[in-house]
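What follows is the residue order along each chain.
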Amino acid sequence: MMKRVALITGITGQDGSYLAEFLLEKGYMVHGIKRRSSSFNTQRIDHLYMDPHERHVNFRLHYGDLTDSMNIIRIIQEVQPDEIYNLGAMSHVKVSFDSPEYVANVDAIGTLRILEAVRILGLEKKTRIYQASTSELYGGLVENKNKDGFYDESSAFYPRSPYGVAKIYGFWIVKNYREAYQLYTCNGILFNHESPRRGETFVTRKITMAVAAIAMGQQHCLYLGNLDALRDWGHAKDYVEAMWLILQQPQPDDYVIATGKATSVRDFVIMAFAEIGVELEFEGSGEHEIGRVKRAIDGRYKLNIGDIVVKVDPEYYRPTEVDLLIGDATKSKTVLGWVPKYDLPALVKEMVESDLTLLNK
Ligand code: NDP
Ligand code: GDR
């Protein structure tokens, strides 16, 4: 049997690394596109590296960039993929307000470049394409939820950031190429998913890293933006399995992937501190809100009752915020048979433990 061949853009990112592991486990030949960088950017996938001189290689990296059409065409021509997972993106919502043109080029036009490359190379019948769409498309508006108060595949979009607006182009161009040229293209509309490999400037990882550093006496206080924001947080490992399932269906389609539970940033902070035996209490509101140590349960770490360990810094507020995202993944459960294995307490525990281990090293 010929090995199936997958090409992953964004392989050096959180999802790309888990997806590469998942596909290798399934026996795929995995190719990834990595950007040239002045410092190493392959930490998440270094353990997958195989020396081509020493064994049969089923994992290969290619230098490339979603802003470079010729490079994308050349890599796809060389790899002849059965499946492309387009995960590459400037994925930070707040940063997208600072670099709106760049995010449009990578996240919107980058998606078009992949689709056109597949057409130019005549791979329409061979290559299936997964697009990393996002719950940011919904923008957290109350009016566009379904009758049960969740966002699903039929909810209207109202993006609230240059990132969301760029991703909405990606969503629709993927759908349009499916309808116009009969390409097998799918959108996974994924709600937030996290892991110990989450980028350090996303809120969950920022929190778990700070909790570890505060426990070790290396940091005194964690500064955050909007503590009231509510997110539907899952585990990235569960979500990459959904990506694969989406491309295995007889017909291409779009799917919401979510846990169906929303938690505030504040509650995530409380859960993370609880992992080091610290109970927090919050007082004040808005930019004056603070979190203090109420109880240090087992005294493992040197934190005193009353210490202020969380403060709000309005610097982290966004020009337009998405207040609440919560997804209804009924279609994915029914059609794909997708069920997440992790819940939020298990995710928080894994992230805090991993950051404590990292700091101990
Ligand atoms: P990360 O930010 O961890 O990874 C993004 C990846 O894209 C990195 O490998 C990055 O490379 C690469 N990349 C950035 N710019 C370019 C470019 N110009 N050309 C080629 N590659 C580029 O994101 P995640 O793994 O968390 O997310 C994966 C995808 O899923 C993204 O498209 C994101 O927008 C989307 N998404 C994520 C969700 C989440 O909660 N994690 C939810 C919904 C959608 P480098 O390492 O060099 O920076
Ligand atoms: P998000 O993730 O914007 O949902 O996008 P992020 O973790 O950045 O923010 C979540 C919520 O937390 C609030 N917040 C803070 N956020 C950050 N980064 N830093 C802070 O200090 C802070 N304080 C409060 C934010 O305002 C926000 O409401 C992620 C990305 O992975 C996208 O690529 C993806 O599409 C969506 O999830 C679904």
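Let me sum up the structure you'll find in this document. These figures come from a predicted structure and were not determined experimentally.

1. As for the site of ligand 1
Not every one of the 26 residues close to ligand 1 is listed here, only the nearest: Gly 10, Gly 13, Gly 88, Ala 89 and Ala 132. Among the elements of the structure, helix H1 (14-25) and strand S5 (128-134) are those that each provide at least two residues to the shell around ligand 1. Among the elements that make up the shell around ligand 1, the one with the highest residue count is H1 (3 residues). In terms of residue class, the shell around ligand 1 is made up of 8 nonpolar, 15 polar and 3 charged.

2. Re the packing of helix H6 (residues 203-215) against helix H8 (residues 265-274)
Remark: H6 packs on H8, axes separated minimally by 10 Å, with the N-to-C direction vectors making an angle of 30°. Taken together, H6 and H8 sit at an angle that is classed as roughly parallel. As H6 packs across H8, the resulting crossing turns out to be right-handed. Counted together, Val 203, Thr 204, Ile 207, Thr 208 and Val 211 of H6 and Val 265, Phe 268, Val 269, Ala 272 and Phe 273 of H8 form the full contact between these two elements.

3. Comments concerning the site of ligand 2
Around ligand 2 lies a shell of 22 residues, among which Ser 91, Thr 134, Val 203, Gly 225 and Ala 229 are the nearest. In terms of residue class, the shell around ligand 2 is made up of 9 nonpolar, 7 polar and 6 charged.

4. Some points on helix H4 (residues 100-120)
If you check H4, its first and last C-alpha atoms are 28 Å apart, about what 21 residues at 1.5 Å a residue would give, namely 30 Å. Its axis deflected by about 35° at Ile 109, H4 carries its strongest bend there. Count one or two residues on from H4 and you reach Gly 122, which has phi positive near 70°.

Scoring rules and cut-offs
- Residues numbered from 1 in each chain as written.
- Chains lettered and ligands numbered in written order.
- Predicted model: local features only at pLDDT ≥ 70, side-chain atom pairs only at ≥ 80, totals over all residues.
- Near = placed C-beta within 6 Å.
- Helix = DSSP H or I, 4+ residues; strand = E, 2+ residues; numbered from the N terminus.
- Nonpolar A, V, L, I, M, F, W, Y, C, P; charged D, E, K, R; others polar.
- Axes fitted to C-alpha atoms, helices over the stretch in contact; angles between N-to-C directions.
- Parallel < 35°, antiparallel > 145°, perpendicular 65-115°, else oblique.
- Left-handed = near helix turned anticlockwise from the far one by under 90°.
- Contact = placed C-beta atoms within 7 Å.
- Expected span 1.5 Å × (residues − 1).
- Bend = angle between axes of the 7 residues up to and from the residue.

That's the geometry; what it means functionally is another story.
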